[in-house]
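# Chain and residue survey
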Amino acid sequence: EIGYQHGKLLEDSVHRICRRLVYGVGLAYSLEKGKWFINEARALIERQRPYMDSAYFEEMRGLAEGSGVSFEEVQIANIFPEFFHCSGVAVFGKATTRGQLLHARVLDYMTEVGLQDEAVVMAVERTGVLRFVNVGYAGFIGSVTGMNEKMIAIGEMGGGGEGFWDGTPMSFLLRGALEHAATLDEAVAYMHDRRRTCEYYYVVSDGKIPDAVGIAATTGKFEVVRSGQAVAQLPEAVENAVLLSSGDRYHNLVQRVRERYGKIDGRALFDIIKRPVAMRSNLHDAIFEPQDLRLWVANASRNKPACDQPPAIYEWKDLFR
């Protein structure tokens, strides 16, 4: 029923996005790799099927029925992030104006494909699991940016490891955590205990504590970085903060957080993640205020990154009436 509503209400958008991904970007993949993308995608779906909740396939089947896009095309579009591989920030306690937890997710990803034209915020309620808000795109049922009713928020950053695909696709791993984890520890355990695929980095936060962690995960590695902890890839630790990015963007992020330390609210955090923390390919930005169950969302236009667009602000009570 959820998939059918999704497909019926967003029929035109689902058609456009599936065509762009399956045939447009898929053709580019085929030319670059010398392998036919659709055949590769079919094989990947079968490899990952044993690691995925059957309810998600049922939802994709409903999405196909509602939109009129073939079931195969819907499945291929939904495993798309596994073929193509951003910054994450969580601050709280002494870092913020009221000690509140703020979690920003910066998605830098292929604005030239036009995913921003089909951007959708979905409020999902399914029997037997936690309600969650998904910041995504028409035709996608997985999650790369989301928050659930228990004040758990998650965002990811792509890494390497293309080809290590015998596991739960990243976007379905995150959706599962949002649907099943009521605490930070439960979210970490959920992601740790599932068979994973390629290299990804995550920021996971819990407004109830408040606290957050960074996670570096591959098929065989699962490293948790606590707030204020310095590691080789993230050497500039900041108290009451988890800051994930790379290169100069990471150093700019740390500097901006330190400059505004103790005075950070939602608006200040939105300014902190602007370029050059965000990249020119900044597809969407989200700021979660888990304790107030509120989120800010900005999407790119065709000629401006998301960080230069005015955000829309969503209240939980309006999304789940």
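Further up the page is the structure itself.
To start, this report covers the structure provided alongside it. Per chain, residue numbering runs from 1 following the sequence as it is written. Given that this is a predicted model, residues contribute local features only at a pLDDT of at least 70 and side-chain atom pairs are listed and counted only at 80 or more, while totals for whole chains, interfaces and linings are drawn from all residues. With hydrogens and water excluded, all non-hydrogen atoms of the structure serve as input to the side-chain values.

In this section: the pairing of strand β10 (residues 241-244). When a strand is regular, its side chains alternate between the sheet's two faces. Side chains A241 and L243 of β10 all project onto a buried face; the interleaved residues V242 and L244 project onto the opposite face, where all are buried too. Of the pairings in the sheet, the one linking strand β1 (residues 87-91) to β10 comprises 4 bridges and is antiparallel in character. For V89, the partnering residue across the bridge sits in β10 and is L243. Each residue's exposure class comes from its accessible area (1.4 Å probe, protein chains only) as a fraction of the maximum for that residue type: buried when under 20%, exposed when over 50%, partly exposed otherwise. Here a helix means four or more residues in a row that DSSP labels H or I, a strand means two or more in a row labelled E, and each is numbered from the N terminus. A pair of strands counts as paired when DSSP detects no fewer than two bridges linking them.

Counting buried residues along helix α6 (residues 170-180), 10 of its 11 residues qualify, which places the element largely inside the surrounding structure. Listed in full, the buried residues belonging to α6 are M170, S171, F172, L173, L174, R175, G176, A177, L178 and E179.

Bringing the environment of F164 into the picture now. Relative to the elements of secondary structure, F164 occurs in the loop between β6 (152-158) and α6. Taking the C-alpha atoms as reference points, F164 and Q100, separated by 64 residues in sequence, lie 38 Å from one another. We call two residues contacting when some pair of their heavy atoms lies within 4.5 Å. When near neighbours in sequence (up to four residues on either side) are disregarded, F164 contacts T197, C198 and T219.

The next point concerns the sheet that holds strand β9 (residues 222-226). Strands sit in the order β3-β4-β5-β6-β7-β8-β9 across an open sheet of 7 strands; the sheet is antiparallel. A single partner strand is all that each edge strand has here, and the edge strands are β3 (119-124) and β9. For this sheet, the mean inter-axis angle between neighbouring strands, taken without regard to orientation, is 20°. Pairing of β3 with strand β4 (residues 132-137), which is carried by 6 bridges, proceeds in the antiparallel orientation. Between N-to-C directions, angles span 0 to 180 degrees; the directions come from axes that are lines fitted to C-alpha atoms, helices contributing only their stretch in contact.

Further remarks concern the sheet that holds β1. Spatial strand order, β10-β1-β2-β11-β12-β13: 6 strands in an open sheet with antiparallel pairing. At either end of the open sheet lies a strand with only one pairing partner, and these are β10 and β13 (312-315). Direction aside, neighbouring strands of the sheet carry axes that sit 10° apart on average. Examined bridge by bridge, strand β12 (residues 294-299) and β13 share 4 bridges and lie antiparallel to one another. Residue pairing for β13: W296 is matched across the bridge by I313. Packed on one face of the sheet, helix α8 (residues 247-259) meets β1, β2 (102-108) and β10 and runs near 155° to β10.

Using a 1 Å grid laid over the protein atoms alone, points where a 1.4 Å probe fits but cannot get out form a cavity; open sets with protein on both sides within 12 Å along at least 5 of 7 lines form a pocket; any residue with an atom within 4 Å of a point counts as lining. Grid points are joined across faces, edges and corners, and a volume is the space filled by probe spheres set on the points. Space inside the largest cavity adds up to approximately 100 Å³. Lining the largest cavity are 14 residues, with Q229, A237, A241, V242 and L243 positioned closest to its centre. For the lining of the largest cavity, the secondary-structure elements that each account for two or more residues are β9 and β10. With 4 residues, the single largest contributor to the lining of the largest cavity is β10.

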